[in-house]
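As a plain string of letters, each chain reads:
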Amino acid sequence: MASIFAAAFEIVSFGAIIVLVVLGLGIIASMMGIFNFAQGEFVLLGAYVTYLAYSGGLPIWVGMVAAPFVVGALGFVLEALIIRRFYAAPIVAMLGTYALGLIIRESVRGLIGGFYLTVPEPIGGSIDLGSIHISAWRFTIIVITLLVMGACYLLLSRTSFGLRVRATLENPSLARASGISTPLIYGTTFAFGAALAGLAGALIVPVFSLFADLGIRFLIQGFVAVMVGGVGSFIGPVAGAGVIGTLSAALPWVMSPVVADVLVFVLAIAFIKFRPQGLISGKGV
C-alpha cells in the first residue's frame, strides 16, 4: 500500500511540474495563435535566476520570487522587438522562437559550462504519514501549482484585464476601435506566459538541478500536452498536461524509462491523428 501511494504521489508531483510548464505555453498558443518554442528556455532562465540569487548569498526564496518577474520582463522585450513581427505567419513564429530559445540555451551553457549545478530545496525533509514518506518540497510544488492554476483562471475569465485580453485576441480591429491598446495586450500576454515558465523553472531547479538542456524535455512534453489538450481554451492545455504528465510519470514504473518516453509520444500522436482538435477544443485558435 505504501509503495502504491508513493508511486501515486510521484505521478501527481511530476504532473504538477508539467502543468506549470504548459500553463504559459498554452496561454500563448491559445490566445496568440503561435507556439512559443523558446518556452523551455524560459524555464531554464527561471532556474538560472534562482541559482544566481542563491550563489550570490541571497535566500533561495528571493531567487524564486524574482525569477518570474525577470523572465516575464525579458519575454515582454522579446515580444516587442522580435515576435510581434511574426503573428501573421505562425510557422515563421515557430522558427523564430526556436532560434531565440537556441540563443538563450547556448548563452546559459557558456555561463555554466557543462556542469550540473545544485540548489537546495527551500523546504527540506519529508512529510510522514505513518509508514509513508513524501517529499515536502514536491508537495509544496503541487500546492503552488493548484494556486497558480486557480489564479490564472480567475485572472483571464473574471477580471477586466482578462476581458480585454480575450477581446483583443478574438477581434483585434474591434478592440482597437474600442480604445484597447492591442500591442500592450499582446506584449503583456506573452510576458505572462514567459513568467509562468520562469516560475516553473524556479520551482523545479531544486529537484532536477541546473544544466543547459533543462528546458528541452519540458518543452517537448509541453508542446505535446497542448496538442493533446487542444488550443483555444484555458482548460484544454491543462487537461493535456495532466494526461501527458501522468503517463510520463506512471509508465516508467512498469517498463523501461526509454520505452516509456517513446510510448507516450506514440500514444499522443495516435490520439492527435484521430482527434486533431484535442480533448477540449476551443474557438480561439
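Residues numbered from 1 in each chain as written. Predicted model: local features only at pLDDT ≥ 70, side-chain atom pairs only at ≥ 80, totals over all residues. Heavy atoms only, no water.

- Where an unreviewed UniProt entry is consulted, the chain appears under the name Branched-chain amino acid ABC transporter permease, with the organism given as Bradyrhizobium jicamae.
- Recorded under Subcellular location (unreviewed entry), the UniProt text for the chain is reproduced unchanged: "Cell membrane". (UniProt positions renumbered as here; feature names shortened; annotations may be inferred.)

### So, a nonpolar patch on the surface
Now for step 1: Taken together, Tyr 153, Leu 154, Ile 235, Val 243, Leu 279 and Ile 280 make up a surface patch of nonpolar side chains, about 460 Å² in accessible area.
Now for step 2: Contributing elements (two or more residues each) for the nonpolar patch: α5 (136–158) and α10 (235–250).
Now for step 3: With respect to the element layout, Leu 279 can be found in the segment after α11 (257–274).
Now for step 4: Of the residues examined, Leu 279 reaches a relative accessible area of 34% and is grouped as partly exposed. (Patch = residues over 30% accessible without salt bridge, like charges linked within 9 Å, V, L, I, M, F, W, Y side chains within 5 Å. Areas by Shrake-Rupley, 256 points an atom, 1.4 Å probe, with all protein chains shown as cover. Salt bridge = Lys/Arg side-chain N within 4 Å of Asp/Glu carboxyl O. Helix = DSSP H or I, 4+ residues; strand = E, 2+ residues; numbered from the N terminus. Buried < 20%, exposed > 50% of the residue type's maximum accessible area, 1.4 Å probe, protein only.)

### Some remarks on the side chain of Thr 145
Now for step 1: When you line up the elements, Thr 145 lands in helix α5.
Now for step 2: What makes Thr 145 buried here is its relative accessible area of 2%.
Now for step 3: For Thr 145, the side chain forms a polar contact with the main-chain oxygen of Ile 141, separated by 2.8 Å.
Now for step 4: Residue contacts for Thr 145: discarding those within four places in its chain leaves Ala 16, Val 19 and Leu 20. (Polar contact = N/O pair within 3.5 Å; in protein donor to acceptor, adjacent residues only side chain to side chain. Contact = heavy atoms within 4.5 Å.)

### Topic: unusual backbone geometry
Now for step 1: Of note in the backbone geometry, Ser 209 takes a positive phi value of approximately 70° without being a glycine.
Now for step 2: Tracing the chain through its elements places Ser 209 in the loop between α8 (182–208) and α9 (214–229).

### Structural notes on the pairing of strand β1 (residues 126–129)
Now for step 1: Note: β1 against strand β2 (residues 132–135), four bridges, orientation antiparallel. Residue pairing for β2: Ile 127 is matched across the bridge by Ile 134.
Now for step 2: A loop of two residues connects β1 with β2, the two strands running antiparallel in sequence, and Gly 130 in this loop sits at a positive phi of about 70°. (Pairing = 2+ DSSP bridges.)

### As for the packing of α5 against helix α6 (residues 160–170)
Between two packed helices, both the angle of their axes relative to each other and the distance between the axes serve to describe the pair.
Now for step 1: For the pair α5 and α6, the least separation of the axes is 5 Å and the interaxial angle reads 70°. Viewed along their axes, α5 and α6 adopt a mutual orientation that is roughly perpendicular. Between α5 and α6, the contacting residues are Leu 155, Leu 156 and Ser 157 on the first element and Phe 161, Gly 162, Leu 163 and Arg 166 on the second.
Now for step 2: Residue composition of the contact of α5 with α6, grouped by class: four nonpolar, two polar and one charged. (Axes fitted to C-alpha atoms, helices over the stretch in contact; angles between N-to-C directions. Parallel < 35°, antiparallel > 145°, perpendicular 65-115°, else oblique. Nonpolar A, V, L, I, M, F, W, Y, C, P; charged D, E, K, R; others polar.)

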